[in-house]
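What follows is the residue order along each chain.
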Amino acid sequence: MDQPIIETNHLNFSFKPGENILADVNLSAPKGSIYGFLGPNGAGKTTTLRLILGLLREENAHIKLFGNELRDDRIGMLKKIGSLIEQPSLYMHLTGRENLEVFRLSYGCPKERINEVLAIVGLSDAAGKKAKAYSLGMKQRLAIAIALLHNPELLILDEPTNGLDPTGIIEIRDLIRKLNQQEGKTILISSHLLAEVEKIATHVGIIDHGKLLFQGTLNALQVLKTIHTCAEVKVDDTARALDLLKHENAATLEADDTIRFGYISEMQVATINEMLVRAGIRVYRIGVMKNDLEDLFLQILSEKQL
Ligand SMILES: Nc1ncnc2c1ncn2[C@@H]1O[C@H](COP(=O)(O)OP(=O)(O)OP(=O)(O)O)[C@@H](O)[C@H]1O
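Residues numbered from 1 in each chain as written. Predicted model: local features only at pLDDT ≥ 70, side-chain atom pairs only at ≥ 80, totals over all residues.

- The name given to the chain in an unreviewed UniProt entry is ABC transporter ATP-binding protein, with the source organism recorded as Dyadobacter pollutisoli.
- Checking UniProt for the chain, the heading Sequence similarities (unreviewed entry) contains the comment "Belongs to the ABC transporter superfamily." (UniProt positions renumbered as here; feature names shortened; annotations may be inferred.)

### Brief notes about the overall build of the chain
Link 1 in the chain: Looking only at helices and strands, the chain has 11 helices and 16 strands in total.
Link 2 in the chain: C-alpha extents for the chain along the principal axes are approximately 75 × 45 × 35 Å.
Link 3 in the chain: Put simply, the chain has 306 residues, and 36% of those count as buried. (Helix = DSSP H or I, 4+ residues; strand = E, 2+ residues; numbered from the N terminus. Buried ≥ 20, exposed ≤ 12 C-beta atoms within 10 Å, placed from the backbone.)

### Thoughts on the site of the ligand
Link 1 in the chain: Lining the immediate environment of the ligand, one finds Phe-15, Ile-21, Gly-39, Asn-41, Gly-42, Ala-43, Gly-44, Lys-45, Thr-46, Thr-47 and His-192.
Link 2 in the chain: Here the shell around the ligand is built from residues that sort into three nonpolar, seven polar and one charged. (Near = placed C-beta within 6 Å. Nonpolar A, V, L, I, M, F, W, Y, C, P; charged D, E, K, R; others polar.)

### Concerning the environment of Val-283
Link 1 in the chain: Positionally, Val-283 belongs in strand S16 (residues 283-289).
Link 2 in the chain: Assessed through the 14 C-beta atoms surrounding it within 10 Å, Val-283 is described here as partly exposed.
Link 3 in the chain: Considering only alpha carbons, one finds Val-283 and Thr-238, 45 residues apart in sequence, at a separation of 9.9 Å.
Link 4 in the chain: The residues contacting Val-283, other than those within four sequence positions of it, are Val-233, Val-235, Asn-273, Leu-276 and Val-277. (Contact = placed C-beta atoms within 7 Å.)

### Topic: the environment of Gly-42
Link 1 in the chain: Turning to its location among the elements, Gly-42 is positioned in the loop between strand S5 (34-38) and helix H1 (45-52).
Link 2 in the chain: Separated by 133 residues in the primary sequence, Gly-42 and Leu-175 have C-alpha atoms spaced 27 Å apart.

### With respect to the environment of His-93
Link 1 in the chain: Mapped onto the fold, His-93 is located in the loop between strand S8 (81-84) and helix H3 (96-107).
Link 2 in the chain: C-alpha of His-93 to C-alpha of Ala-131: the two residues are 38 residues apart in sequence and 6.5 Å apart in space.
Link 3 in the chain: Ignoring sequence-local partners within four residues, the contact set of His-93 consists of Lys-130 and Lys-132.

### Here we look at the sheet that holds strand S6 (residues 62-65)
Link 1 in the chain: Ordered by their spatial adjacency, four strands build an open sheet running S4-S1-S6-S7, and the pairing between neighbours is antiparallel. Bordering the open sheet on either side are strand S4 (28-30) and strand S7 (68-69), each of which pairs with just one other strand. (Pairing = 2+ DSSP bridges.)

### Some remarks on the packing of helix H5 (residues 136-148) against helix H6 (residues 166-181)
Link 1 in the chain: Relative to each other, H5 and H6 sit at 20°, their axes nearing to 8 Å. The pairing of H5 with H6 is recorded here as roughly parallel in orientation. When the axes of H5 and H6 are compared, the crossing they make is right-handed. Residues Leu-136, Gly-137, Gln-140, Arg-141 and Ile-144 of H5 touch H6, and the partners they reach there are Thr-167, Gly-168, Glu-171, Ile-172 and Leu-175.
Link 2 in the chain: Of the residues contributing to the contact of H5 with H6, the split by class is four nonpolar, four polar and two charged. (Axes fitted to C-alpha atoms, helices over the stretch in contact; angles between N-to-C directions. Parallel < 35°, antiparallel > 145°, perpendicular 65-115°, else oblique. Left-handed = near helix turned anticlockwise from the far one by under 90°.)

### Section: the sheet that holds S5
Link 1 in the chain: With mixed pairing, the six strands of this open sheet are ordered in space as S8-S9-S10-S5-S11-S12. Since the sheet does not close on itself, it has two edges, and those belong to S8 and strand S12 (211-217), each with one partner. Within this sheet the neighbouring strands show an average axis-to-axis angle of 15°, counted without direction.
Link 2 in the chain: Here strand S11 (residues 203-208) pairs with S12 via six bridges, running antiparallel.

### Regarding helix H4 (residues 112-120)
Link 1 in the chain: For H4, every residue scored as buried is listed here: Ile-114, Val-117 and Leu-118. Axial view of H4: buried residues confined to an arc of 105°, hence all on one face. Counted as exposed and oriented over 90 degrees from the buried face of H4: Glu-112 and Ala-119.
Link 2 in the chain: Contacts from the buried residues of H4 go to H3 and H5.
Link 3 in the chain: Of the residues flanking the end of H4, it is Gly-122, one or two places downstream, whose phi is positive at about 75°. (Arc of directions from axis to C-beta.)

### Structural notes on the pairing of strand S1 (residues 4-9)
Link 1 in the chain: Note that S1 and S4 share three bridges and pair antiparallel. Looking across to S4, one finds that Ile-6 is bridged to Ala-29.
Link 2 in the chain: Relative to S6, S1 is paired through four bridges, and the arrangement is antiparallel. Each residue of the ladder has a partner; that of Glu-7, found in S6, is Lys-64.

### Here's the deal with the nonpolar core
Link 1 in the chain: One finds Val-117, Ile-144, Ala-145, Ile-156, Ile-187 and Leu-188 to be the most contacted residues of the largest nonpolar core, which totals 61 residues.
Link 2 in the chain: For this core, the element with the highest residue contribution is H5, accounting for seven residues.
Link 3 in the chain: Residues in contact with Ile-144, not counting those within four places in the same chain, are Leu-84, Val-121 and Leu-175.
Link 4 in the chain: Formed by 11 residues, the second largest nonpolar core is a distinct cluster that contains Val-233, Ile-259, Ile-272 and Leu-276. (Core = buried A, V, L, I, M, F, W, Y, C linked by C-beta atoms within 7 Å.)

### Quick notes on the confidence of the model for the chain
Interpretation of the predicted coordinates at a detailed level should be avoided for regions scoring low in pLDDT.
Link 1 in the chain: Per-chain confidence: the chain averages 88 in pLDDT, with 90% of residues scoring 70 or above.
Link 2 in the chain: Among the scores for the predicted complex, ipTM is 0.96 and pTM is 0.79. (pLDDT = per-residue confidence, 0-100.)

Here you go:
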């Protein structure tokens, strides 16, 4: 799985002079992976994806797809990529099948492929309905079916669950897994939701302000998260507890009388609990708090600066 299918080499980009939309981005998505490209709004995800797809040009960009420089054979490479960037462009007055037929003709794919992709995305039964009658999730699946028509090796999906209801999100998530596991597609999916990426990605890249802050396997990200959790403690004698714990990772007192710890390990949480109990301090509540994306960014940033 290690051979990268997408590789950007010190990718920089700006729309106007003096701006730094992307700075030194070395993205590497291995073959066979579901690469979750995670970052808040405006972080530079879509810009990166557009550069990878050659929809935006950058003279000095070194982008390798399938092991070769994009600029050497852009058309040849695009034939191996299916993409969904921003809103899907569907013909609402046509049925699902007719929409596929329009794109099939322009892609020059065999007719049988329409039934195949309808089955893959679970729209065989709804193929005769007009696209305007589809739910958002169905429209998104139809758009993915179009992206699959030419049987690409690589799928690039920009925020594919955006705006969907919970059922639609689950359907798209299941479809992405299926495409990866049963159809062998490498998939790059962008998202601003850490929880969403954690549910499906095998590899993760985190981007913020145009910089790739983290890149690695999902496991590596999860290890980082568990090593660095926040904890909160509520006790009967806050002053004594603070004194006892003053050497434990910058314990701070919050307005509601809870004691908060910075990034500590789960083992340290157990140790703190033991110390309090041994000192006869009653522990009303001790909890490990999950990192949200913003916390995680701050944490990764502060580690980079060490
Ligand atoms: N065509 C454009 N011209 C000028 N600036 C742009 C253009 N497109 C994007 N930007 C700017 O580039 C930055 C990165 O935008 P980008 O769309 O890549 O972010 P993103 O991570 O995909 O976020 P979102 O999910 O909000 O689209 C933002 O500051 C955005 O305002």
